[in-house]
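Overview (structure and organization)
This is what each chain is made of:
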Amino acid sequence: MNLLLVGVNHKTAPVKVRECLAPEPEKVPDMVTDALMLPGVNEALLVSTCNRVEMLVACDCLQDTEDNLCAWLTNGKGLDSRKLVKSLYLHKDQEAVRHLFRVASSLDSMVIGEPQILGQIKDAYRIASEAGTTRTVLNRLMHKTFHVAKRVRTETLIGGAAVSVSYAAVELAKKIFDELTGLNALLIGAGEMAELAAEHLLAQGVASVTVANRTLERAMELARNLGGGKAYRLDDLPLILGEVDIVITSTGSPVPVITPELAKKAVRQRKGNPLFFIDIAVPRDVDPKVGGFDGCFIFDIDDLSQVVQGNLRIRLKEAQKAEYIVDQEVVKFNHWLSSLDVVPTITDLTAKAEDIRQTELARTLKDLKGLSPEDSEALERLTRSLVKKLIHDPILFLKEQAHEKKPETKKEHTALFRRIFYLGEK
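Described below are features of the structure shown in this document.

The rules behind the values
- Residues numbered from 1 in each chain as written.
- Predicted model: local features only at pLDDT ≥ 70, side-chain atom pairs only at ≥ 80, totals over all residues.
- Heavy atoms only, no water.
- Helix = DSSP H or I, 4+ residues; strand = E, 2+ residues; numbered from the N terminus.
- Rg over C-alpha atoms; globule rule 2.2 N^0.38 Å.
- Buried < 20%, exposed > 50% of the residue type's maximum accessible area, 1.4 Å probe, protein only.
- Contact = heavy atoms within 4.5 Å.
- Areas by Shrake-Rupley, 256 points an atom, 1.4 Å probe, with all protein chains shown as cover.
- Lys, Arg positive; Asp, Glu negative; His and termini not counted.
- Charge placed at Lys NZ, Arg CZ, Asp CG, Glu CD.
- Pairing = 2+ DSSP bridges.
- Axes fitted to C-alpha atoms, helices over the stretch in contact; angles between N-to-C directions.
- Parallel < 35°, antiparallel > 145°, perpendicular 65-115°, else oblique.
- Left-handed = near helix turned anticlockwise from the far one by under 90°.
- Nonpolar A, V, L, I, M, F, W, Y, C, P; charged D, E, K, R; others polar.
- Core = buried A, V, L, I, M, F, W, Y, C linked by side-chain atoms within 4.5 Å.
- Salt bridge = Lys/Arg side-chain N within 4 Å of Asp/Glu carboxyl O.
- Phe/Tyr/Trp six-rings, centres within 6.5 Å; stacked < 30°, edge-to-face > 60°.
- Lys NZ or Arg CZ within 6 Å of the ring centre and 35° of its normal.

So, the overall build of the protein
- Counting secondary structure elements, the protein contains 16 helices and 10 strands.
- Against the compact-globule benchmark of 22 Å for 426 residues, the protein has a radius of gyration of 32 Å, which places it well outside the compact range.
- Considered along the principal axes of its C-alpha atoms, the protein spans approximately 105 × 65 × 35 Å.
- Split into buried and exposed, the 426 residues of the protein put 45% on the buried side.
- The long-range share in the protein, meaning contacts at least 24 apart out of those at least 6 apart in sequence, stands at 71%.
- Carbon and sulfur atoms make up 54% of the accessible area of the protein, which totals about 22,600 Å².
- A gap of 2 Å separates the mean positions of the 56 positive and 59 negative side-chain charges of the protein.

This is the structure in C-alpha cells:
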C-alpha cells in the first residue's frame, strides 16, 4: 500500500488556479467517491480551503496513480490542463505523511501557528469517512495526524503569540488591566481591524462594546453586529469617553478625534482608573500628547506591528521544535505502514496455529473422558499459551523484515516464510 498526495497551495499557485481546482463544498463527497474509481486507488480524502486543494489517496501503484490522479484533477477545469498539472506538487509515501502532519500542525500555513487548518482537515476527514472512502490506512493516518497536531500545540508555543494587529491590541490591553472581564470598550469608527479587535475583546469577557461613528446608522448597525451595544455619533464623545475603559479608534479622520482636552476631561471623570487607547488609524486618531497624562495608555499601529513582528519571530523559533515532533511521528507511522505488507501472513499463520490447536485439543478431550469443567478450562489455557509462545518469535522475525528497505528483499523473505509454514502463496 502506497500513499500519494497531489495538490496546490498559496505558495505554488495563484488564487485563480486554486479556485479552479477547488470543488463546491456540496460536491466534495461525490468527488472523493469518484476518486475510488481510478485504477489502483483504494482510499481517498480531499482537503479544500481558500489556501490549498489537496487530494490524498492510498493506492497500489504510485506511478500509474500519479498520472491518472493528476489528469483527473485537472481535466475540464476551465484552464489549460497542462498548465494546471505543472502547478501541482506531489508527495509520496513518507513525504506525503510528513506534508500532512506539517499542514495540520500549521507549519505550512500562510500564518504559522493559525488554528483554523486543523478544523478544516477534521471536516475533510469527516466528509470522506461518511462517504466511505477512508479505510485502514487513511483512518490510521488521520488519527495520527490529529495526535501530531495536538502534540505541537501542547509542547510548543507556536500558537501562543499574537500575530494579527487586532489580536495584538487585545494582548496589550490584558497587560494593562490584567483582567478584561467586566470592562467597557468603545469602538470609534468602523474600520475592519478595529471591529475585529472589538470582537476579540468580547471573546475575552468585556462587558460591552459601545460604537461611535460619523453616521449614527452605521454605528447602530455595527453595534448590533457586536452584540447590541449602544450607538452614538462622534459628536457625543465628550459624553461617553469617561465611562469606558478601552478605546479602539479607526476613523480615517485627517485630524485627531481624541484631543488632549477631551482626554483630560475623561481622566478626571474616571478618578484614577486607567484609560487604554488602541489607535489603528492612519493618520492617528489620538493626539500623541494624550499619552503624557497619568492613567492614559496609547498604542498606535506601529506599536502593534512591532508586537506582531516580535511574536512572529517567537512562532518561527517554536516551529523548529514542531518540526522535530513531526519528524518523530513520521518515523513511527512509516514503521506501521511498512508492517502492513506482512499482516496477511501473520493472520494466516495465527489462523493455522489456532486451527491445529483446536483440532488437537478436541481429540485430547475426547480421549480424556470425565474431566471436570475446571480441568478442561486449564487445558484450554495451556494450549493457547503454548501456541502463542511458539509463534511469537516467527512473527517477531516477520515484523522486523517488514522494515527492510528493498521491496524485493522483503517479498523474498515473506515468500520464504510462507513456504516454511505451508501457508500457500499470496
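Once the structure has been displayed, the description carries forward.
Structural notes on the side chain of Thr210
- Residue position: Thr210 is located in strand E6 (residues 208-213).
- With a relative accessible area of 12%, Thr210 lands in the buried category.
- Sequence-distant contacts of Thr210, defined by excluding residues within four places in its chain, comprise Ala185, Leu186, Leu187, Lys230, Tyr232 and Ile240.

A closer look at the sheet that holds strand E2 (residues 41-48)
- The strand order across the open sheet formed by four strands is E2-E3-E1-E4, and the pairing between neighbours is antiparallel. Here the strands that pair on one side only, and so sit at the sheet edges, are E2 and strand E4 (89-92). The sheet shows a mean angle of 15 degrees between the axes of neighbouring strands, direction not considered.
- Of the strand pairs in this sheet, strand E1 (residues 2-9) and E4 are connected by four bridges, and their pairing is antiparallel.

Quick notes on the packing of helix H5 (residues 94-104) against helix H7 (residues 136-155)
- Here H5 crosses H7 at 45 degrees, and the two axes come no closer than 8 Å. Of the possible angle classes, the one that applies to H5 and H7 is oblique. Both H5 and H7 take part in a crossing whose hand is right-handed. Of the residues in H7, those in contact with Val97, Leu100, Phe101 and Ala104 of H5 are Leu141, Met142, Lys144, Thr145, Val148 and Ala149.
- Among the residues making up the contact of H5 with H7, the classes are represented as eight nonpolar, one polar and one charged.

Comments concerning the nonpolar core
- Leu3, Leu45, Phe101, Ile121, Leu141 and Phe333 are the most contacted members of the largest nonpolar core, which has 39 residues in total.
- Sorting the residues of this core by element identifies E1, E2, strand E3 (52-59), H5, helix H6 (116-131), H7 and helix H13 (301-339) as the ones contributing at least two each.
- In contact with Ile121, not counting residues within four places along its chain, are Val47, Val103, Ala104, Met142 and Phe146.
- Counting residues in each nonpolar core, the second largest holds 30 residues, with Ala173, Ala185, Ile280 and Val308 among its members.

Focus on the sheet that holds strand E9 (residues 275-279)
- The strand order E7-E6-E5-E8-E9-E10 describes an open sheet built from six strands, whose pairing is parallel. The open sheet has two free edges, formed respectively by strand E7 (231-233) and strand E10 (296-300), since each of these has just one partner strand. Shown here is a sheet whose adjacent strand axes are inclined to one another by a mean of 20 degrees, direction ignored.
- For E9 and E10, the ladder comprises five bridges, and the chain directions are parallel.

Concerning the pattern of salt bridges
- On inspection of all chains with the given rule, the structure shows 25 salt bridges.
- We note a salt bridge from Lys332 to Glu329, for which the minimum N-O separation is 3.8 Å. Taken as a pair, Lys332 and Glu329 lie in helix H13 at a separation of three residues, close to a single helical turn.
- The exposure class of Glu329 is buried, given its relative accessible area of 1%.
- Glu380 is paired through a salt bridge with Arg357; the nearest N and O atoms lie 3.0 Å apart. Of this pair, Glu380 sits in helix H15 (residues 373-401) while Arg357 sits in helix H14 (residues 343-367), placing them 23 residues apart in sequence.
- Put simply, Lys11, Arg52, Glu54, Arg102, Asp108 and Glu323 are held in one network by salt bridges that share partners.

Structural notes on unusual backbone geometry
- With an omega of 0 degrees, the peptide bond between Val282 and Pro283 qualifies as cis.
- Unlike most non-glycine residues, Ser106 shows phi in positive territory, near 65 degrees.
- Position of Ser106 among the secondary structure elements: in the loop between H5 and H6.
- Overall, Ser106 belongs to the buried group, its relative accessible area being 0%.
- Its identity is not glycine, yet Lys271 carries a phi of approximately 55 degrees, on the positive side.

Some details on the packing of aromatic side chains
- Under the defined criterion, the tally for this structure stands at five aromatic pairs.
- Linked through ring pairs, Phe177, Phe276 and Phe299 together constitute an aromatic cluster.
- Across the ring face of Phe146, the terminal group of Lys122 is positioned such that the distance to the ring centre comes to 5.6 Å.

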